[in-house]
Amino acid sequence: MPLLFFVVSIGVIIATLNLPKARLGNPNAPVYFPMMLGIFLLILSIVYFIQEWRKTEMEEKEAVQELLQGRVPKLIGLSLLLALGYTLIFEWIGFLISTILFMASLLFLINGKKKWMVNIATALIFSFASWYAFGVLLQVSLP
Amino acid sequence: MGVDIQTLMEGFKTAMQPMNLLWVLVGGFLGTVVGMLPGLGPATAVAVLIPITFGMDPTSALILMAAIYYGAMYGGSRSSILLNTPGDGSAIAATFDGYPMSQQGRAGQALAMSAIASLIGGVIAVIGFIFLAKPLAEFALQFGPAEYFLLMVFTLSAIVSLSKGNMVKGFISMSVGLLLSTVGVDLQSGVYRFTMGIPQLSEGIDFLVIIIGIYAVGEVLYNLVSIDKPKGDKKSVGKKWITKDQWKVSKWPILRSGPLGFLIGVLPGAGGSIASMLSYTTERQLSKRQDQFGKGAVEGVAAPESANNAASVGALIPLLTMGIPGSGTTAVMLGAIIMLGVQPGPLLFQHNGDMVWSLVGSMFIGNIFLVLINILLLGLLVKILDTPAKILYPVIFVLSFIGTYTLNYSIIDFYILLLFGVVGLAMKIYKFPIAPLILAVIVGSDMEQNFRKSLVSSDGSLGIFFESTVSVVLLILTILSISYPFITEMIQKRRKTQDTAGNHHEL
Amino acid sequence: MKKLLIFLSILTLMALTACGSQSSSGDGGESYPSKDLEFVAPASPGGGWDATARAMKKVLNDEKIVEENMNVVNKPGGSGEVGWKYLKKQDPHTLSVNSSLVLTNNLLGKSQLTYKDFTPLAILTTEWEAVAIPKDSSIKNAEALMKQLKKDPKSLKIAVAPGLGNDDHLSFVQAAKTYGVDVTKLDFLVYESGGDVVSALLGGHVDVATMSVSEAKQQYKADKVDILAVSSEERLDGLEDIPTWKEQGVDMVFPHWRGVMGPPDMTEEEIAYWDEKLKKMTETDAWKKILKNNEWQSFYKDSSETKKFLKEQEEMYSDLVKKSGLAE
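Residues numbered from 1 in each chain as written. Chains lettered and ligands numbered in written order. Predicted model: local features only at pLDDT ≥ 70, side-chain atom pairs only at ≥ 80, totals over all residues. Heavy atoms only, no water.

*Asks:* Which parts of the structure should I look at to understand the overall build of chain B?
*Replies:* What chain B contains, in helices and strands, is 19 helices and two strands. Over its C-alpha trace chain B gives a radius of gyration of 23 Å, about what one expects of a compact globule, namely 23 Å for 507 residues. Counting only C-alpha atoms, chain B reaches 80 × 60 × 55 Å along its principal axes. For chain B, buried positions account for 64% of its 507 residues. For chain B, contacts bridging at least 24 residues in sequence account for 80% of all contacts bridging at least 6. Carbon and sulfur atoms provide 66% of the accessible area of chain B, an area that totals close to 17800 Å². (Helix = DSSP H or I, 4+ residues; strand = E, 2+ residues; numbered from the N terminus. Rg over C-alpha atoms; globule rule 2.2 N^0.38 Å. Buried < 20%, exposed > 50% of the residue type's maximum accessible area, 1.4 Å probe, protein only. Contact = heavy atoms within 4.5 Å. Areas by Shrake-Rupley, 256 points an atom, 1.4 Å probe, with all protein chains shown as cover.)

Given below as structure tokens:
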């Protein structure tokens, strides 16, 4: 974890060096603040690293292990993939159909195949209700 | 303007007209419902409901919009308490103790307390409005870039100091938030920073998308980890009303937070997020049972709720006395009343005084209505907790996406939402405090811009940050809030050594 | 369960009929428009673009000038870039609101798009620019202001919103330039919104502000600020005491206009359709009332005039952006 912040802060510092210069006023004015933050984060990540290194017991270890147990990684990974799929088809095939598909597949994934009646019913009711509430009552322009 | 009792009474009379009462009821109800959905805070609620006001008489329109506004403030904290998914920046502080309370089976009490606190905060603010609108508006004008910068630094330091015992993680969380706030166009120079050529990012990452991502999506993902585990006891809703003891500990926090929230609300641009977080941190530092905060202390729900509702009344002051919108929501309201032919501005009180006083009257009545609505809804709301987790979480997941879409109508936000969902999950697992990050995203860019504006106007001299009384007070408060955790730690340590010393004596 | 199924089928039916009625509202024939129209406001609700789009929809539909339903769609981001990129890919049933940003975004190097990528249909309204100072300022007129800035461009702090390179900023640059002020050295404080500029001015945190007349007018009427000059051709209604720049020896008329454009390659008939409808719209009382409420002025130009106007404006802005120091 501290390593991640270390990499991020280095990345930020490099990115700030490549920022365009301001045309009016002090040309470096837009750079100072993010640069400062990058350096601050770099220092913090080192302190964090030392802190973790000195600690003998890892309180987070348990939580991480739980994350890798049983079907949990598959569940989270697939949920994220489904959400990505939803993002890709949302504007293409429209709100209603994509939401029904997304909702139904999520429910099948999480709630299980056995309760298919409940899953499909929830997906349909939810999608129509939200489409009605947002698209018709609130006049949000949905694709 | 002085308080003319007669015009005030006239105002109340107008507000009591059946039609206007109906609008308050409708607005309050719609606001509460819309405000509960993730991503739909007061600004969106007012914006999407504006078409209803077309063709209405301006007074009724203003009454309706204001009712939607504070209705959404009430609603926003419902989801914070029940599901740990705040709908808006100002509802975040309600998660700190509200969610632990509902996990302990005290959701009913948390909701009831938040309704009562909101009512009292709102009433305090309405009274403040009646007597202090003009002088406060003048006071708010004294806030220049330097004062705004210091106010934001103070709020950030107060929030970071909450992560006592883990300051490094608190600071990391804050720095990441500040870095995120630099994405987008840099106002002072017009330079695009870190936008990666995506035009949607040119106005920055919408902080609401980050809130929904980290809280709602992150919470769903986090719950997937344990979703197959059999739940111990079924979470009960518990008592639906607060106890005498709970009232006792919350009484003063509510009465203190109301005026505080009201004052911060008056400052253009500061708003509910800063008000609720500052009142929370203040009450925690004043409290005798600090260790209970964050673990379901009832006054930790009461204080921010009182503050943010008072802030929403305060935010109307710059709009009505000077025609200056102080927040996103009031900007939308300004646009709507202009469309109806009213010119808000310094002359509004002279030209449309009856309208303003009717609004004040309606806010008074509206707050009472909202408590009734919320208490009636209480039974229905807590039913949400009875929904099986395996259905509830997919629903929240999808709702987060829809809510996000209503913000900017952009698919780019979906990717950002997912990214921050994962970030939220990681933060929960590695026990990083979330509030510093969110608050930093909300105030970060204003903070930087105000700092740079201060330096331009002082021709580069740092002296500008010590010039006014307000600045000096804010500086002192900042130093106090940062050193406070260290001081209490030291005192505790000393007590401990004394205790052990004492023990030795006895032995 | 049975109840649930019935409920479901009713819902489905409702949705189907709703979809059906939406797609069948057109005439079905070849004539334009053949379906519902979409109106892109390339900004969030609450601003001038959104207000213009919603006002147009209201008048065109309420007065039955256009029978087809018009939907306003918000596509905020990148000072119009997001909305206009979207417009470029649509068929002629989608239109969008625009302003001088459709020219300056390109000139400032922020966008590849320019007005030539679209079909300009009309210019509808304009606001004028004002230069305001706090009531207690020692500066008494525009000339004194500019003389001081010529002596020391950094001696006065100027508030502007919401970004450099917009009309508020460039109109001030244009005026200052004619007095020989070194405009690249001016200290602009950029605020997020017009409201913030007003409060900075009232609180005495800046010395001068440049903004649209509508933002300054109410404060002036309440005797809170002074206005030194307006950018219109003649003095404005309700502000008869305020001289124009022209009267003060600056040859400048600076409109802050808003117009309408469609996707590229619209046919002659389609353009003619909008020339007729939009002209009709600007003549209605409902439209005039909206203009009055918003402090906008009519600035109607039909499609061919608009084309010519945009060409002139592009030359003007190109020159101005270079002078301001924002581009080479």
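*Asks:* What am I meant to see in the overall build of chain C here?
*Replies:* Helix and strand counts for chain C come out as eleven helices and ten strands. In terms of overall dimensions, chain C has C-alpha extents of about 80 × 50 × 35 Å along its principal axes. Looking at the 328 residues of chain C, the share that counts as buried comes to 57%. The contacts of chain C with a sequence gap of at least 6 include a subset with a gap of at least 24, amounting to 74%. About 13900 Å² of surface is accessible on chain C, with carbon and sulfur atoms providing 49% of the total. The centroid of the 40 positive side-chain charges in chain C is displaced by 3 Å from the centroid of its 50 negative side-chain charges. (Lys, Arg positive; Asp, Glu negative; His and termini not counted. Charge placed at Lys NZ, Arg CZ, Asp CG, Glu CD.)

*Asks:* Could you clarify how one ought to interpret the environment of A:Phe134 in this entry?
*Replies:* The topology assignment puts A:Phe134 in helix H6 (residues 116-137). Put simply, A:Phe134 and A:Ile13 are 121 residues apart on the chain and 42 Å apart in space, counted from C-alpha to C-alpha.

*Asks:* Even after reading the chapter, I still don't get the pairing of strand E9 (residues 255-262) of chain C, so can you show me in this structure?
*Replies:* For a regular strand, side chains alternate in direction, first toward one face of the sheet and then toward the other. Residues and elements named next belong to chain C. Of all eight residues in E9, eight are buried; the element is thus mostly enclosed. The alternating pattern of E9 places Pro255, Trp257, Gly259 and Met261 on one face and His256, Arg258, Val260 and Gly262 on the opposite face, and all of these are buried. Both strand E3 (residues 94-99) and E9 contribute to a ladder of four bridges, which runs antiparallel. Within E9, the position partnered with Ser99 by the bridge is Arg258. Across eight bridges, the pairing between strand E4 (residues 119-134) and E9 is antiparallel. In the strand pairing of E9, Thr125 is matched with Arg258. (Pairing = 2+ DSSP bridges.)

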